[in-house]
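Structure assessment
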Amino acid sequence: MSAMSQSIHLLHTIWNHPANRQHRLRSIWRALAWQVYKRLTGSPVDVQVRDLKLRCYPDSHSASRALYFSGLPDYWEMRFMIDYLRPGDRFIDVGANVGLYTLLAGSIVGSAGHIDAFEPGALAADRLRETVEAN
């Protein structure tokens, strides 16, 4: 797939993603701004995920997806979590990557809940720890 068709596919996906329904143009703008920002600076940016923050690194596909899809890249799975997790629940995140599901669960279960997050990849595990410490 050429770079142009990949870009068109990404814009189409952002436009049609269920988390972006109410603010499609803002989502497209945010994605374009992220692409420019990460290429010019190479620096991470902090993004709000509900009431917590996720540090998005330019080399992280997961972080980019959080930006593109309003913090809910896996919309239906994440909606399930929002609908069924309750304060005080326990959540296990196996293969936590940079911690997007961990953050979402933490925003729901709160300080009365408990989250166990596991990530075997060294770089992703470091970023997961950074995310947890920042919140």
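Here's what I pulled together on the structure shown here. In this text, all values refer to a predicted model and were calculated from it rather than measured experimentally.

What follows is about the packing of aromatic side chains. Here the structure, examined in full by the defined rule, presents 4 aromatic pairs. Relative to Tyr37, the ring of Trp34 lies with its centre 6.1 Å away and its plane at 25°, an arrangement referred to as stacked. One end of the pair, Trp34, and the other, Tyr37, are both in helix α2 (residues 24-41), 3 residues apart, so they sit about a helical turn from each other. On the accessibility criterion, Trp34 (3% relative accessible area) is buried. Since its relative accessible area comes to 31%, Tyr37 is described here as partly exposed. Look at Phe80 and Tyr84: their rings are 4.7 Å apart centre to centre, the planes differ by 35°, and that puts the pair in the tilted class. In this pair, Phe80 and Tyr84 are both assigned in helix α4 (residues 75-84), 4 residues apart and thus about one turn of the helix distant.

Before going further, it helps to spend a moment on the layout of surface pockets. Quantified by volume, the largest pocket comes out at close to 330 Å³. As for the largest pocket, its lining consists of 18 residues, of which Thr102, Ile115, Ala117, Leu128 and Val132 are closest to the centre. Mapped onto the lining of the largest pocket, the elements with two or more residues apiece are α5 (100-109), β4 (114-118) and α6 (122-134). Among the elements that make up the lining of the largest pocket, the one with the highest residue count is α6 (5 residues). Residues of the lining of the largest pocket, tallied by class, amount to 9 nonpolar, 7 polar and 2 charged.

Within the fold, Arg127 resides in helix α6. The residues contacting Arg127, other than those within four sequence positions of it, are Tyr57, Asp59, Ser60 and Val98.

Turning our eyes to something else, we now look at α2. Taking 1.5 Å of rise per residue, the 18 residues of α2 would be expected to cover 26 Å, and the 26 Å separating its terminal C-alpha atoms lies within 8% of that figure. Among the residues of α2, those classed as buried are Ser27, Ile28, Ala31, Trp34, Gln35 and Lys38. Each buried residue of α2 lies within a common arc of 120° when the element is viewed along its axis, so the set occupies one face. Residues Leu25, Arg26, Trp29 and Leu40 are exposed on α2 and point more than 90 degrees away from its buried face.

It is worth spelling out a nonpolar patch on the surface at this point. Side chains of Leu11, Trp29 and Leu32 sit close together on the surface and give an oily, nonpolar patch of about 330 Å² of accessible area. Summarising the element assignment, Leu32 is placed in helix α2.

One can describe the packing of helix α1 (residues 3-16) onto α2 by two numbers: an axis separation of 9 Å at closest approach and a directional angle of 140°. If you check the angle between α1 and α2, you find them oblique. Every pair of crossing elements has a handedness; the one defined by α1 and α2 is right-handed. Of the residues in α2, those touching α1 at Leu11, Ile14 and Trp15 are Arg24, Leu25, Ser27, Ile28, Ala31 and Leu32. Of the residues belonging to the contact of α1 with α2, the class tally is 7 nonpolar, 1 polar and 1 charged.

Of the two faces of strand β3 (residues 90-94), the one holding Phe91 and Asp93 is buried and the one holding Arg90, Ile92 and Val94 is not buried anywhere. Traced from β3 through α5 to β4, the parallel crossover comes out right-handed.

A few words now on the environment of Cys56. In this fold, Cys56 is placed in strand β2 (residues 52-56). Taking relative accessible area as the criterion, Cys56 reaches 0% and is therefore assigned buried. Not counting the four nearest positions on each side in its chain, Cys56 is found in contact with Trp34, Pro44, Val45, Val47, Ala63 and Leu67.

Conventions and cut-offs
- Residues numbered from 1 in each chain as written.
- Predicted model: local features only at pLDDT ≥ 70, side-chain atom pairs only at ≥ 80, totals over all residues.
- Heavy atoms only, no water.
- Phe/Tyr/Trp six-rings, centres within 6.5 Å; stacked < 30°, edge-to-face > 60°.
- Helix = DSSP H or I, 4+ residues; strand = E, 2+ residues; numbered from the N terminus.
- Buried < 20%, exposed > 50% of the residue type's maximum accessible area, 1.4 Å probe, protein only.
- 1 Å grid on protein atoms, 1.4 Å probe; cavity = no way out; pocket = protein on both sides within 12 Å on 5 of 7 lines; lining within 4 Å.
- Points joined across faces, edges and corners; volume = space filled by probe spheres on them.
- Nonpolar A, V, L, I, M, F, W, Y, C, P; charged D, E, K, R; others polar.
- Contact = heavy atoms within 4.5 Å.
- Expected span 1.5 Å × (residues − 1).
- Arc of directions from axis to C-beta.
- Patch = residues over 30% accessible without salt bridge, like charges linked within 9 Å, V, L, I, M, F, W, Y side chains within 5 Å.
- Areas by Shrake-Rupley, 256 points an atom, 1.4 Å probe, with all protein chains shown as cover.
- Salt bridge = Lys/Arg side-chain N within 4 Å of Asp/Glu carboxyl O.
- Axes fitted to C-alpha atoms, helices over the stretch in contact; angles between N-to-C directions.
- Parallel < 35°, antiparallel > 145°, perpendicular 65-115°, else oblique.
- Left-handed = near helix turned anticlockwise from the far one by under 90°.
- Right-handed = clockwise from strand over helix to strand, strands pointing away.

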